[in-house]
Amino acid sequence: MKLVLFGATGMVGSRIATEASARGHQVLAVSRSGQSPVPGVTATAADATDPDQVAEVARGADVVASACVPPRDGSDPSGPFLALNEALVAGVRAAGVGRLMVVGGAGGLEVAPGQAVSDQPGFPEAYLPEAHAHRAVLAYYRALDDGPDWTYVSPAAEIAPGTRTGRFRVDGDRFMTDDQGRSLISAEDYAVAFVDELEQHAHPRARMSVAY
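Residues numbered from 1 in each chain as written. Predicted model: local features only at pLDDT ≥ 70, side-chain atom pairs only at ≥ 80, totals over all residues. Heavy atoms only, no water.

Looking up the chain in an unreviewed UniProt entry gives the name NAD(P)-dependent oxidoreductase, with the organism given as Streptomyces sp. R08.

Okay, structure coming up:
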């Protein structure tokens, strides 16, 4: 498959590029810098907030994916992050690409039906703006009444560089924890789950979650 990946130089994006390339997929890594995060992976520079630039690099892709993150400059990220995703959708539509996969957040996952993690007492205040930004983006995708066919992939609460084990759990809206009550996933195993979904298309127009 041909994957056009925005945000490819970040922690998660670079690992998705690595995993997809290792499985034989053709990856075009897109970032503002235009640098390749993985040896042998083709890279280009484009701005994900510009629908015309998105369309230009996305044409001919089987799937477009976004590993872009909300702005972390101290301002409210919700508006800019929603605008970025709206631009992605507009560009993907203009390019005629049928699928869009999005690296999501964990704050909107549910500890019980209708009860999000980020609404619970003790949720770290520093992470609330980013959690709200991700939740607004998911609501936007769920309200889309036409293409592209999207999948929103939420990681566990804690995601960091680690080991690729290939062993993890996949669910939908549920917030998953291990036997010690922790919600964990390595960035490498998250990338495995992401590329599995790229290949299997098991969660069309839905959120999926990944954790140990």
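This is not the end of the story, as more comes after the structure.
Caption draft 1: The pattern of salt bridges, seen in detail. In total, this model carries 13 salt bridges according to the counting rule given. Its salt-bridge partner being Arg23, residue Asp196 comes within 2.8 Å of it at the nearest N-O pair. Taken as a pair, Asp196 in helix 5 (residues 187–200) and Arg23 in the loop between helix 1 (11–22) and strand 2 (26–31) lie far apart in primary sequence, 173 residues in all. Between Arg23 and Glu199 there is a salt bridge, with its nearest N and O atoms 2.9 Å apart. Pair noted here: Arg23 is in the loop between helix 1 and strand 2 and Glu199 is in helix 5, with a separation of 176 residues, a long-range link. For Arg23, a relative accessible area of 28% translates into the label partly exposed. Several salt bridges share partner residues, and in doing so they unite Glu19, Arg23, Arg164, Asp196 and Glu199 into one network. (Salt bridge = Lys/Arg side-chain N within 4 Å of Asp/Glu carboxyl O. Helix = DSSP H or I, 4+ residues; strand = E, 2+ residues; numbered from the N terminus. Buried < 20%, exposed > 50% of the residue type's maximum accessible area, 1.4 Å probe, protein only.)

Caption draft 2: Here's a closer look at the packing of aromatic side chains. Going through the model one piece at a time under the given rule, you end up with three aromatic pairs. Arranged with centres 5.8 Å apart and planes meeting at 40°, the rings of Tyr141 and Trp150 form a pair that is tilted. Of the residues examined, Trp150 reaches a relative accessible area of 2% and is grouped as buried. Ring pairs connect the aromatic residues Tyr140, Tyr141 and Trp150, which therefore count as one cluster. (Phe/Tyr/Trp six-rings, centres within 6.5 Å; stacked < 30°, edge-to-face > 60°.)

Caption draft 3: Focus on the side chain of Ser154. With respect to the helices and strands, Ser154 occurs in strand 8 (residues 149–154). Of note is the side chain of Ser154, whose polar atom sits 2.6 Å from the backbone oxygen of Gly105. Excluding its chain neighbours within four sequence positions, the residues that come into contact with Ser154 are Gly104, Gly105, Leu109, Tyr190, Arg207, Met208, Ser209 and Val210. (Polar contact = N/O pair within 3.5 Å; in protein donor to acceptor, adjacent residues only side chain to side chain. Contact = heavy atoms within 4.5 Å.)

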